[in-house]
Amino acid sequence: MVSRSSRISLLELSSADMLSFPQTPRPLPRVLTAPGIIPDVDSSGDLDVLSPNTRQKVILVANFLPLHAQKDPESGRWCFSFDEDSLYLQLKDGFSSNNDVVYVGSLKVEVDASEQEEVSQKLLEDFNCVPTFLPPDLQKKFYHGFCKQYLWTLFHYMLPICPDHGNGFDRMLWQAYVSANKIFADKVLEVINPEYDFVWVHDYHLMVLPTFLRKAFNRVKLGFFLHSPFPSSEIYRTLPVREEIMRALLNADLIGFHTYDYARHFLSCCSRLMGLVFESKRGHIGLEYFGRTVYIKILAVGIHMGQLESALNHPSSSMKAKEIQKQFKGKKLILGADDMDIFKGISLKLLAMERLLLQHEELRGKLVLVQIINPARTTGKDVQEAKRETYMTTRKINEDFGFPGYEPIILIDRKVPTYEKTAYYALAECCIVNAVRDGMNLVPYKYTVCRQGTPKMDEALGIASASCHASTLVVSEFIGCSPSLSGAIKVNPWDIDAVANALYLAIMMPDLEKQLRHEKHFRYISTHDVAYWSRAFVQDLDRACKDHYSKRCWGLGFGLGFRVISLSPSFRKLSIDHIVSAYRRTNRRAIFLDYDGTVVPQASIVKTPSPEVISVLNNLCDDPKNTVFIVSGRGKDSLNEWFAQCENLGIAAEHGYFIRWSRTSNWETNPIATDFDWKRIATPVMRSYTETTDGSNIEAKESALVWHHQDADPDFGTCQAKELLDHLESVLANEPVVVKRGQHIVEVKPQGVTKGLVAEKVLSTMISNGKQPDFVMCIGDDRSDEDMFESISSIANESCLPAAPEIFACTVGQKPSKARYYLDDTVDVVKLLQGLATASVIKPRRSSEFQVSFQDTA
């Protein structure tokens, strides 16, 4: 890896304007991160303090660099120029002028190994580009193999159910995909300054790249944007490496999608595959993942207004527009512009045109569909079949409805220059995008802007300067831009009749309605351009990374299973040696233990305590210096049966509504809760949700009602739990109860009954009995245990105590908590208890003595 000093000196680059077309005229706020001393550096090494002259960079990583490359056959020298149509070049407009932009990606041409070093130097110096130079065989397997033949088709909902419909999963191609992503990561590491720079990774080609970057720098500021659809969980779950890709994406700080549907599918996969639950935090969707919050961004990409306006004003566009206007004089023009692939629905569009001409004879000779076919991005049997079908359908329609001087469908099957496309856009009465599945598709945006025109284009077409502009759009429901175009006519591309009717409606629409729809679209498109999109993403990325240096981070896992644990500096794993040391030097100890998820695994089918747990609890209880309580939400009968062998163990059941100080003592009830009439209201409500939610059930306790949905469908169960919570809160608003959501549950219980009150009662009893605790330990795993953590801290710190006890509040699992310590799982909890039991002074005591000492002070 290149050294830190080399990386910094390598990119002290100028920020010259790289675009020949005008930038979007809008003030751009500066995106900054807070500078300062870094308290806890990454495992990769010490971080230097940047010099004041060092500029923050945004590193854009995509499969291909935004460059044209050509080798002069005579001189043998390489010539490079920026690709002004590239989105990755255009989005630079959204960044602050104080940022340098560095591009990492592959060239679209093969460069001989002997020339790669020279070309790399030239691209870095002249274009701020870092080429990856994948070996040809790897490039073929990575891009044409795994990306285009497998991932791309799967993400567009085509399953490889047979050889004629997509390629099946190939482990060798997957390994090539991972290897290529690793090469991209290595190139990023050569130019990054991790505590200041942002890295923005683009699209499905590089979905495992975040893992490599996060492993190198735990606090790298990393965003990812997916430009394709993200399929529903039923489709995505067929991917054999589904979890590897999900974990890699979750190593980003911010993950972007074009539409809510794509984000929803991703979140559903997170829930079903990873057990993660998302929350909306002040309008931002976040996933808690090992102490990190991974944010989700939903914003459709825009177009570059400056480039389109420049193209419209170009003399070639005006000349071409006049030519087209003359060619189609007296006819209405419908325009389609699509890549040649199986998902663009070109044949379906042609069939809809055929149906339109069949149903409306008066349109024959007056209506023309011009279909621009962009060159296919990949070759394959499916593309060739789609092309053959397109030509056959076109020939048939032209033969059936055409006549000398008129062809209803005109195919333009070649690379069409920008000036010619803008001319067609400017003249078309209607634009149709009929894709059966597409990530975004910016054709409707470009069409709308070109229909708005410019003074030069209006003059060329003979349009008065004061005239209102109009446009009509027919768009598929299954493309990413559809939600943002509320004035477009939305169609199901598979419904030929509906598409034909939509085309007729668009053509015959009154002029005023066309103008109003056009104005609505143009207002949105012009304010949500590519600069707005890129600026919004980087600002959200900055927000997502603001806590990076306020937490302690360390890596965990191997390979693509790597992830970063991010925790508060005061939140650390509870060391057995540390707590045993404190345990040995104290004499009056209070120990509170949750049950499910703490001493017994949450997911375990067998809920009874193991002999190992019973043994260690008995050892702890037999030490006269200890007061040990199991504090659980479970019913008293179950707990009484399970812990019948523990004579001196205290039990608090149903979150403390019932308390028993030892096996021989009676159960005490919370005097606050005496009215249970609310159960007559809550039970029918819960029963109705149980009947409509397969896998759910009701647990009726003496003091509470609990609705469980752990075995229900994750998405539906969560949705129903939210609805049930609102429903119960509404109908029980005037009752003395609280309604709470927990881990896969909704619970209704009396007010004033919490685990925190159990801890307060036990500790207060010890204090009033003259046995002020000098050691308090509490271990739990869910929200209800947070009350105990808070209570033991507040009581232990009361000024009436002669000395503050040693407090060990410990949660199970690494997650945000009021506890200061954590243990990884129930295995760790049992090991810790065994360590304490080994350090105990075992001196059997009579339960009557234990009981009397508390009853006398109760």
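In this text, all values refer to a predicted model and were calculated from it rather than measured experimentally. (Residues numbered from 1 in each chain as written. Predicted model: local features only at pLDDT ≥ 70, side-chain atom pairs only at ≥ 80, totals over all residues. Heavy atoms only, no water.)

### Quick look at the sheet that holds strand β26 (residues 697–700)
Definition in use: Whether two strands pair depends on DSSP finding at least two bridges between them. In this text, helices come from DSSP runs of H or I with a minimum length of four residues, and strands from runs of E with a minimum of two, each type numbered from the N-terminal end. As a rule, the C-alpha atoms of each element are fitted with a line to give its axis, helices using only the stretch in contact, and angles between N-to-C directions run from 0 to 180 degrees.
Spatially, the four strands line up as an open sheet ordered β26-β27-β29-β28, and their pairing is antiparallel. Two strands bound the open sheet, and with one partner strand each, they are β26 and β28 (737–742). Strand-to-strand, the axes of this sheet are offset by a mean angle of 15°, without reference to chain direction. Here four bridges tie strand β27 (residues 705–708) to strand β29 (residues 745–750), and the two strands are oriented antiparallel to one another. Within β29, the residue paired with L705 across the bridge is V748.

### Observations regarding the nonpolar core
The line we're drawing: Nonpolar cores were defined as sets of buried Ala, Val, Leu, Ile, Met, Phe, Trp, Tyr and Cys residues, with membership established by side-chain atoms within 4.5 Å. Think of it in three bands: with a 1.4 Å probe and only protein chains considered, a residue is buried below 20% of the maximum accessible area for its type, exposed above 50%, and partly exposed in between. Any pair of residues with heavy atoms lying within 4.5 Å of one another is described as a contacting pair.
V61, V199, F230 and F266 are the most contacted members of the largest nonpolar core, which totals 184 residues. The residues touching V61, leaving out its near neighbours within four places in the chain, are V104, F184, V188, V199, W200, V201, H202, L206 and L209. One finds L593, C621, M777 and A837 within the second-largest nonpolar core, a separate group that totals 43 residues.

### Concerning helix α18 (residues 511–527)
Our working definition: Working rule for helices: expected span equals 1.5 Å times residues minus one.
For α18, which comprises 17 residues, the first-to-last C-alpha distance of 24 Å matches the rise-based estimate of 24 Å (1.5 Å per residue) to within 8%. Buried residues belonging to α18 abut α10 (305–313), α15 (443–452), β16 (472–476) and α17 (496–508).

### A look at the pairing of strand β14 (residues 409–413)
The sheet contact formed by strand β13 (residues 367–374) and β14 spans five bridges and is parallel. Within β14, the residue paired with I373 across the bridge is D413.

### Brief notes about the packing of helix α8 (residues 242–249) against helix α9 (residues 260–274)
Basically, it comes down to this: Each crossing gets its handedness from the near helix: less than a right angle anticlockwise from the far helix is left-handed, clockwise is right-handed. Three categories are distinguished: nonpolar for Ala, Val, Leu, Ile, Met, Phe, Trp, Tyr, Cys and Pro, charged for Asp, Glu, Lys and Arg, and polar for the others, with Gly belonging to the last.
Between α8 and α9, the least distance of the axes is 11 Å, while the angle of their chain directions is 115°. Where α8 crosses over α9, the two elements pack in a sense that is left-handed. Touching R242, E243, M246, R247 and L249 of α8 are F266, C269, C270, L273 and M274, all from α9. For the contact of α8 with α9, the residue count by class is seven nonpolar, no polar and three charged.

### Comments concerning the pattern of salt bridges
As a reminder of what qualifies: Salt bridges are counted wherever a side-chain nitrogen of Lys or Arg sits within 4 Å of a carboxyl oxygen of Asp or Glu.
Under the counting rule described, the total for this entry stands at 39 salt bridges. Ionic pairing is found between D341 and K344, a salt bridge with its closest N-O pair at 3.0 Å. Given a relative accessible area of 7%, K344 falls into the buried group. In the salt-bridge network here, residues are joined through shared partners; they are K320, E323, R414 and E420.

### Let's talk about the pairing of strand β10 (residues 284–289)
Looking at chain direction, strand β9 (residues 278–281) and β10 are connected through four bridges and run antiparallel. From the neighbouring strand, E279 faces β10, where its bridge partner is G286. The hairpin formed by β9 and β10 contains two residues between the paired strands, and R282 there has a positive phi angle of roughly 55°. Two elements, β10 and strand β11 (residues 292–298), share five bridges in a ladder whose sense is antiparallel. Across the sheet, the residue bridging to E288 is T293, located in β11. Linking β10 to β11, which pair antiparallel, is a turn of two residues; within it F290 sits at a positive phi near 55°.

### A closer look at unusual backbone geometry
For F133, which is not a glycine, the phi torsion comes out positive at approximately 50°. For F133, a relative accessible area of 17% corresponds to the buried category. With a phi close to 60°, H655 is a non-glycine residue in the positive phi region. Looking at the secondary structure, you find H655 in the loop between β23 (650–653) and β24 (658–660).

### Examining the packing of aromatic side chains
Test applied: Between the rings of Phe, Tyr and Trp (Trp by its six-membered ring), a pair exists once the centres lie within 6.5 Å; its type follows the angle of the planes, with under 30 degrees stacked, over 60 edge-to-face, and the other angles tilted.
Under the definition given, this model contains 37 aromatic pairs. Both rings, one in Y150 and one in F169, keep their centres 5.7 Å apart while their planes meet at 65°; by these two values the pair is edge-to-face. Separated by 19 residues along the polypeptide, Y150 in helix α4 (residues 136–155) and F169 in the loop between α4 and α5 (171–191) bring together distant segments of the chain. Taking 5.3 Å as the distance between ring centres and 40° as the angle between the ring planes, the aromatic pair formed by F257 and F266 counts as tilted.

### A short note on the sheet that holds strand β15 (residues 430–433)
Here six strands make up an open sheet; going across it, the order is β14-β13-β12-β15-β16-β17 and the pairing parallel. Single-partner strands in this sheet number two, and they are β14 and β17 (489–491). Each neighbouring strand pair of the sheet contributes to a mean axis angle of 20°, computed without reference to strand direction. Note that β15 and β16 share four bridges and pair parallel. Within β16, the residue paired with I432 across the bridge is V474. Here helix α14 (residues 418–427) sits on the sheet and contacts β12 (332–339), β13 and β14; the angle it forms with β12, its principal contact strand, is near 140°.

### A closer look at helix α3 (residues 116–127)
Here α3 is twelve residues long and its end C-alpha atoms lie 15 Å apart, about the 16 Å a rise of 1.5 Å per residue gives. Backbone geometry just after α3 places N128 at a positive phi near 55°.

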